[in-house]
Amino acid sequence: MSKNSFYVTTPIYYVNDRPHIGHAYTTVAADVLARFHRLEGEEVFFLTGTDEHGKKVEQAAQEQQLNAVELANNQVIEFKNLWSALSISNDAFIRTTEERHARAVRELWRRVAGKGEIYLGEYEDWYCTPCETYWTQMQLKDGRCPDCGRPVEKLKEASYFFRLSRYQEKLLQFYKENPHFIQPESRRNEVIRFVESGLRDLSISRAGFHWGIPVPENPKHVVYVWFDALANYLTAIGFPKDSQKVNKFWPADIHLVGKDILRFHAIYWPAFLMAAGLPLPKKIFAHGWWTVEGQKMSKSLRNVVNPLDLVARYGTDVTRYFLLREVPFGLDGDYSEKAIRERNNSDLANNLGNLVQRTLTLAQRNFPEGILKKGEPAESEQKIQSQGEAVLRQLRQDLSEVAFHKALIGIWGWVDSLNRYIDQIQPWFLAKDPNQRVRLETVLYTLLESLRFIAVTLFPFMPGAAQRLWKQLGVSQSIDTARWSELRWGELPEKLAWPDKLENLFPRMEAPMEEKEEVAVVSQNSQIELSDFKKVELRTVKVLAAKRVPEADKLLELRVDAGEERTVVAGIATSYSPENLVGKTIVIVSNLKPRKLKGIESQGMVLAVGEAPNVKVLTVDGEVPPGTRVK
Ligand code: MSP
């Protein structure tokens, strides 16, 4: 039986670093789940926070000539600002330097120790401070940390140990009985292999430095930062005192983490909990990492993406949409300005934006009172309705499986159908014929009702845009109070309060001139006159020679026969090698004003479809003389 509460967590972020796109990613993902479960009517507890102890933080503070608390205070402000800029709806923010947390950590320690699972021993091994992890000689890679590749140092000290070695079988058994505990599947297999290869007892205290929570029975030691940090998930729900809250929210429904910290969550944390006699979380989901323009993100490469810059440039909703749509959750992904702009232009501006614009313009112009009746839906309207209801069902399924991109693809499938429906019905013609008024009303009702559904489905992902869409629709209620279970087709308010002015919810973004590439994107929805089309001269050309443009990894310089010889620069190098183009007959816009790209004058624009790296140029079926006009 499912309980009516939902507890979702992000990792707590180290305060030695400024927030970056990786932090934003997990937190946005957790926010979508939290908002989705609130729409399901569940009582949600969404937790994020900061990890403030440990050697790494202590060192960073020293470097900045601050004490660790000052450093943490500064960083907490940065994280909180970012969460507000990204419309994160967390219910709590935990800091590991809070007294309530020290109490929870001590209690967890006592429970584990009480079961005889902690002993004092001596440690001698290689320590990687950035990862806060010990490694054996065998585990090192070329004498360096096997996880991050940085230098390690030899540490020898007295330490308390957790008897992790006793948990190998119990953990394997647990993974077997709970096949969905670790996700995605490929990561689950990695964890199982790691555990099968044998577990050593784990050092869970440090005597060499003091920035941490003292061990209850021996204050010369501080608790190992990961034992300390993982306990935050219990502290925040009132462990150990508030048993009512603990019972309500524990075990957590899902811990979202990056792939690099899966081991701590899927091996150590369950073992600590088993030892303490506490239930285990229901699911650990490890997402992939972002690279930036194909490169690892790092301070030394100066390519760290500050999410606040993204919000400033693209807005909260577009940033959130991009993060969750661009990459299947669980896989690695690549960020580039071009990628986010293209997502915005194709999915939001061209597709959804166009649907909204066309529907609202027609509805508000033809029904200024805002009163529309459902009328007699024909087969085409019934199809739209049943597709919408199916999308809603599928979306709930996808989100319960943490498949954000699938959920969004589902919504956009419906948006595509709605745009096609408009193209087929051509309601602007119905609007011109007074005899078709009732039909027009039914069509517009169907479209408005679809948009009301779409606003609710988008709400977890793009709360601001969804609320604005809701307002443009003239629905006066606040979208936060919507519930999936109450969302029924045909319940569009009887009177819609149209806003004074139509707002363009999803504006296009222009690429900076130097970045513009010569790939034509064919928009499906805007309508033009034949005379407009005739202004564009499309011609077939034969590619005579092709080469890469130096220092522009996406551009190819083509020498083509267009009746006369011309040079054309095209942004297709991610999809074609020069030799594969020679001899092909392709299509260009031949009367475009010449433009310089990387210093080369391009005398035409190659027609192509798709996004890098899957761009496909348009070719001609059969032989035609070079320079033939395409009509
Ligand atoms: N403090 C620990 C977590 C303790 S949880 C009990 C920690 N903090 S962190 O600030 O270093 O990292 C937090 C998260 O950021 C991790 O989930 C990590 O995977 C994620 N990311 C760091 N760089 C990333 C990318 N380039 N891309 C995506 N996520 C990345 O670890």
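Predicted, not measured: the structure shown is a model, and the values here were computed from it. (Residues numbered from 1 in each chain as written. Predicted model: local features only at pLDDT ≥ 70, side-chain atom pairs only at ≥ 80, totals over all residues. Heavy atoms only, no water.)

**Regarding the overall build of the chain**
Counting its regular elements, the chain contains 20 helices and 26 strands. For the C-alpha atoms alone, the extent of the chain along its principal axes is close to 85 × 65 × 45 Å. Each of the 631 residues in the chain was classed as buried or not, and the buried ones make up 54%. Long-range contacts, defined as pairs at least 24 residues apart, comprise 76% of the intrachain contacts of the chain with a sequence gap of at least 6. Within the structure as shown, the chain displays about 28600 Å² of accessible surface, and the carbon and sulfur contribution to it stands at 49%. (Helix = DSSP H or I, 4+ residues; strand = E, 2+ residues; numbered from the N terminus. Buried < 20%, exposed > 50% of the residue type's maximum accessible area, 1.4 Å probe, protein only. Contact = heavy atoms within 4.5 Å. Areas by Shrake-Rupley, 256 points an atom, 1.4 Å probe, with all protein chains shown as cover.)

**Concerning the packing of helix H15 (residues 404-425) against helix H17 (residues 437-458)**
At a minimum axis separation of 11 Å, H15 and H17 run at an interaxial angle of 165°. Viewed along their axes, H15 and H17 adopt a mutual orientation that is roughly antiparallel. In terms of crossing hand, the pair formed by H15 and H17 is left-handed. Facing Ile411, Trp412, Trp414, Val415, Leu418, Tyr421, Ile422 and Ile425 of H15, the residues of H17 in contact are Arg439, Val443, Thr446, Leu447, Ser450, Phe453, Ile454, Thr457 and Leu458. Tallied by class, residues from the contact of H15 with H17 come to 13 nonpolar, 3 polar and 1 charged. (Axes fitted to C-alpha atoms, helices over the stretch in contact; angles between N-to-C directions. Parallel < 35°, antiparallel > 145°, perpendicular 65-115°, else oblique. Left-handed = near helix turned anticlockwise from the far one by under 90°. Nonpolar A, V, L, I, M, F, W, Y, C, P; charged D, E, K, R; others polar.)

**Some remarks on the sheet that holds strand S5 (residues 133-135)**
Taken together, the 4 strands give an open sheet; going across it, the order is S5-S4-S6-S8, and neighbouring strands pair in antiparallel fashion. Both edges of this open sheet fall to S5 and strand S8 (202-203), since each of them pairs with a single strand only. Note that strand S4 (residues 118-128) and S5 share 3 bridges and pair antiparallel. Counterpart to tyrosine 127 in the pairing with S5 is tyrosine 134. (Pairing = 2+ DSSP bridges.)

**Describing the domain arrangement of the chain**
When the domains of the chain are assigned, the result is domain 1 (5-296), domain 2 (336-527) and domain 3 (529-630). Each of domain 2 and domain 3 has a C-alpha centre, and these two points are 35 Å apart. (Domains from an automatic or database assignment.)

**Examining the sheet that holds strand S14 (residues 290-292)**
Taken in spatial order, the 3 strands make up an open sheet running S15-S14-S16, and their pairing is mixed. Looking at which strands have only one partner, the edges of the open sheet turn out to be strand S15 (295-296) and strand S16 (333-335). Relative to S15, S14 runs antiparallel, the two being bridged by 2 bridges. Bridging across to S15, valine 292 finds its partner in glutamine 295.

**What about the side chain of threonine 133?**
Along the chain, threonine 133 turns up in strand S5. Within polar-contact distance, the side chain of threonine 133 engages the backbone oxygen of cysteine 131 at 2.7 Å. Setting aside anything within four residues of it in sequence, one finds threonine 133 in contact with Trp126, Tyr127, Cys128, Tyr224, Arg263 and Phe264. (Polar contact = N/O pair within 3.5 Å; in protein donor to acceptor, adjacent residues only side chain to side chain.)

**A look at the site of the ligand**
Taken together, 23 residues form the shell around the ligand, and within it Ile12, Asp51, Gly258, Asp260 and Trp290 come nearest. Glycine 258 is positioned with one of its backbone polar atoms (N or O) 2.9 Å from an oxygen atom of the ligand. Between aspartate 260 and the ligand, the recorded distance is 2.4 Å, taken from a side-chain N or O atom to an oxygen atom. When the free accessible area of the ligand is taken as 670 Å², the share hidden by the protein chains comes to 93%. Residue assignment for the shell around the ligand shows that the elements contributing at least two residues are strand S1 (5-14), helix H1 (21-39), helix H7 (225-230), helix H8 (232-235) and strand S12 (254-258). Here the element with the most residues in the shell around the ligand is S1; it accounts for 4 residues. Broken down by class, the residue content of the shell around the ligand amounts to 13 nonpolar, 8 polar and 2 charged. (Near = heavy atom within 4 Å.)

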